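Residues per chain, in single letters:
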Amino acid sequence: MMAAGDGPWLDDAAGRLVRPFTVSNGRTRPTVALDLLSQVRATGATPFGYLGPEHAQALDLCRAPVPVAEVAAHLGLPVAVTKVLLADLVDCGALTDKPPAFHHTPTDRALLEAVLDGLRRQL
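Cut-offs and rules
Position labels on residues start from 1 in each chain and follow its written sequence. In keeping with the predicted nature of the model, local features appear solely for residues at pLDDT of at least 70, side-chain atom pairs appear and are counted solely at 80 or more, and the whole-chain, interface and lining totals rest on all residues. Side-chain measures here rest on the full set of heavy atoms in the structure, leaving out hydrogens and waters. Per-residue accessibility, obtained with a 1.4 Å probe over protein chains only, is compared with the maximum for each type, and a residue is labelled buried under 20%, exposed over 50%, and partly exposed between these values. A run of H or I in DSSP becomes a helix once it reaches four residues, and a run of E becomes a strand once it reaches two; helices and strands are each numbered from the N terminus. Regarding the arc, it is the one traced by the directions from the helix axis to the C-beta atoms. Strands are treated as partners if at least two bridges between them are detected by DSSP. For this document, the term salt bridge refers to a Lys or Arg side-chain nitrogen within 4 Å of an Asp or Glu carboxyl oxygen. For helices, the fitted line uses only the C-alpha atoms of the stretch in contact; every axis is such a line through C-alpha atoms, and the angle between N-to-C directions lies from 0 to 180 degrees. Comment on the angle field: the value is read as roughly parallel under 35 degrees, roughly antiparallel over 145, roughly perpendicular from 65 to 115, and oblique elsewhere. Residue contacts are counted whenever heavy atoms from the two residues lie within 4.5 Å of one another. Amino acid classes used here: Ala, Val, Leu, Ile, Met, Phe, Trp, Tyr, Cys and Pro are nonpolar; Asp, Glu, Lys and Arg are charged; the rest, including Gly, are polar.

## Topic: helix 3 (residues 68-75)
Phase 1: V68, V71, A72 and L75 are the residues of helix 3 that are buried. The arc enclosing the buried residues of helix 3, seen along the axis, measures out at 100°, which places them on a common side. Along helix 3, exposed side chains directed more than 90 degrees from the buried face belong to A73 and H74.
Phase 2: Downstream of helix 3 by a residue or two, G76 has a phi angle that is positive, lying close to 70°.

## Here we look at the sheet that holds strand 5 (residues 95-98)
Phase 1: In space, the three strands of this open sheet follow the order 4-3-5, with antiparallel pairing throughout. In this open sheet, the two strands that pair with only one neighbour each are strand 4 (66-67) and strand 5.
Phase 2: Pairing geometry for strand 3 (residues 39-42) and strand 5, over four bridges, is antiparallel. For A42, the partnering residue across the bridge sits in strand 5 and is L95.

## Some thoughts on the pattern of salt bridges
Phase 1: Under the defined criterion, the tally for this structure stands at two salt bridges.
Phase 2: A salt bridge links R63 to D60, with the nearest nitrogen and oxygen atoms 3.1 Å apart.
Phase 3: Here D60 falls in the partly exposed class, since its relative accessible area comes to 42%.
Phase 4: Across the pair R109 and E113 runs a salt bridge, and its minimum N-O distance is 2.9 Å.

## Focus on the environment of T28
Phase 1: In this structure, T28 sits in the loop between helix 1 (20-23) and strand 3.
Phase 2: Considered as a pair, T28 and V79 are 51 residues apart in the sequence and their alpha carbons are 10.0 Å apart.

## Re helix 2 (residues 53-61)
Phase 1: Turning to helix 2, its buried residues are E54, H55, A58 and L59. Each buried residue of helix 2 lies within a common arc of 140° when the element is viewed along its axis, so the set occupies one face.

## A look at the packing of helix 2 against helix 4 (residues 79-91)
Phase 1: Their axes nearest at 10 Å, the elements helix 2 and helix 4 cross at an angle of 75°. By the angle class used here, helix 2 and helix 4 are roughly perpendicular. Note on element contacts: helix 4 touches helix 2 through L85, L86, D88 and L89, opposite E54, H55, A58 and L59.
Phase 2: Each residue belonging to the contact of helix 2 with helix 4 can be placed in one class, and the counts come to five nonpolar, one polar and two charged.

All quantities given are derived from atomic positions and should not be read as evidence of function.
Here's what the structure looks like:
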């Protein structure tokens, strides 16, 4: 049996009892620029100050490099909230972040045409 405070705060009928932006104290902008594909990884440093249970869960998920989007999915939180939590951990030295490496220019015409062709075939 779980003790009060263990696990996510969920109610079967109502869903999550603590609203997502309560987790980030209402903050919506991270202090570190994180992309959905940015890789975050625990440094092994102990974070200073109080961190909430979601911070601890995020840190546990980041023992190996993991993209921000995957952390958000595992936490069951919106990406905006997850980015704020991860930025808190980067700021205190508990996480490092690495932006995604693109081996092409995102505005490459050939790439955009290939995506468009693929979408047309799906419709």
